Amino acid sequence: MEMQSLSATVRTSRGKGSSRKLRANGQMPGVLYGPGIESTALTVTPEDVVRILSTEYRRNAVIQLKLDTRQEFAIVKDLDVHPVTQAPVHVDFLRVEIDQEMVVEVPVRTHGRALGVQMGGKLNVPIRSMRVRAKPSDIPASLTIDVTSLKIGEMVEAGEVSLPDGVSLEMKSELRIVLVTEDRRATAEARKASEGEEAKS
């Protein structure tokens, strides 16, 4: 994973009034917290945060947070946005240790067109992300599952998903991530059409 860099200023004043002034000047309030440090109020540029969250790693992107007198490593834990404009208004950074494993949610992607879908079935992805454990530098952007060979009634469980080196599963291995089911609506419509043809004959 390529490290992202972000400059931040330690903020001494807090409160709604201070936050409003920051936003009026094109800045955004934030906070850094986590094991080993006291909660620290920060000022950041919202465009920089949006840039980091726009990478393929999204909120799992590891950030080299450059503060006034030190640097920390962190990820974006939470981002508040304006209810109307959707502009970011506040960000929470969670401090991480670069050489220690952490638990994150990684999105699931599917590759290919399942045989079962070609036969009239339906591809279901009930779990859109998987919980895994890895060091920050080993966190994958996503986990891709090849569904090409899946027939109707077949599935891929969490424990069957191939994980990169340095990544381990942190969820029940029997959970169904992807499955191909019969498309009941299509089957019902086909049956209805068939019955209609029989009635005409």
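Please refer to the structure higher up on the page.
Residues numbered from 1 in each chain as written. Predicted model: local features only at pLDDT ≥ 70, side-chain atom pairs only at ≥ 80, totals over all residues. Heavy atoms only, no water.

### Things to note about the overall build of the protein
The helix and strand inventory of the protein stands at 4 helices and 14 strands. On C-alpha atoms alone, the protein measures out to a radius of gyration of 23 Å, which is more than a quarter above the 17 Å that the 2.2 N^0.38 rule sets for 201 residues. If you line up the protein on its principal axes, its C-alpha atoms span 85 × 40 × 25 Å. Out of the 201 residues in the protein, the part that is buried amounts to 35%. A sequence separation of at least 24 residues applies to 65% of the contacts in the protein between residues at least 6 apart. Carbon and sulfur atoms make up 47% of the accessible area of the protein, which amounts to about 12,000 Å² in all. (Helix = DSSP H or I, 4+ residues; strand = E, 2+ residues; numbered from the N terminus. Rg over C-alpha atoms; globule rule 2.2 N^0.38 Å. Buried < 20%, exposed > 50% of the residue type's maximum accessible area, 1.4 Å probe, protein only. Contact = heavy atoms within 4.5 Å. Areas by Shrake-Rupley, 256 points an atom, 1.4 Å probe, with all protein chains shown as cover.)

### Regarding the environment of Leu 32
With respect to the helices and strands, Leu 32 occurs in strand E3 (residues 28-33). Distance in space between the C-alpha atoms of Leu 32 and Ile 145 is 35 Å, their sequence separation being 113 residues.

### Some remarks on the environment of Ile 127
Among the structural elements, Ile 127 can be located in the loop between strand E9 (121-124) and strand E10 (129-134). The spacing of Ile 127 and Asp 138 is 11 residues in sequence and 22 Å in space, taken between C-alpha atoms.

### Quick look at the environment of Arg 51
Relative to the helices and strands, Arg 51 is located in helix H2 (residues 46-53). Spatially, the C-alpha atoms of Arg 51 and Arg 14 are 25 Å apart, while their sequence positions differ by 37 residues. Sequence-distant contacts of Arg 51, that is, excluding residues within four places in its chain, are made with Gln 4 and Ser 5. One polar contact links the side chain of Arg 51 to the main-chain carbonyl oxygen of Ser 5, over a distance of 3.2 Å. (Polar contact = N/O pair within 3.5 Å; in protein donor to acceptor, adjacent residues only side chain to side chain.)

### Description of the sheet that holds E3
Sheet strands pair via backbone hydrogen bonds, and the direction of the pair is either parallel or antiparallel. Pairing is mixed across the open sheet formed by 7 strands, whose spatial order is E1-E5-E6-E7-E3-E4-E2. Where the open sheet ends on each side, the last strands, each with one partner, are strand E1 (4-7) and strand E2 (9-10). Seen against the sheet, helix H1 (residues 16-24) touches E3, strand E4 (40-44) and strand E7 (88-95) and runs at an angle of roughly 120° to E3. Each of E1, E3, E4, strand E5 (63-66), strand E6 (71-81) and E7 is contacted by H2, which is oriented at about 165° to E1, the strand it contacts most. (Pairing = 2+ DSSP bridges. Axes fitted to C-alpha atoms, helices over the stretch in contact; angles between N-to-C directions.)

### Focus: unusual backbone geometry
In this model, Arg 58 sits at a positive phi of 50°, which is unusual for a non-glycine residue. Within the element layout of this structure, Arg 58 appears in the loop between H2 and E5. Of note, the phi angle at Gln 86 is positive, near 65°, even though the residue is not glycine. Among the secondary structure elements, Gln 86 is positioned in the loop between E6 and E7.

### Considering the sheet that holds strand E14 (residues 176-182)
Taken together, the 3 strands give an open sheet; going across it, the order is E9-E14-E12, and neighbouring strands pair in antiparallel fashion. Two strands bound the open sheet, and with one partner strand each, they are E9 and strand E12 (155-157). This sheet shows a mean twist of 15° between the axes of neighbouring strands, independent of strand direction. Bridging between E12 and E14 involves 3 bridges; their strand directions are antiparallel. Pairing of Glu 157 across the sheet is with Arg 176, part of E14.

From the geometry alone we can't say anything about function, so treat these as descriptive.
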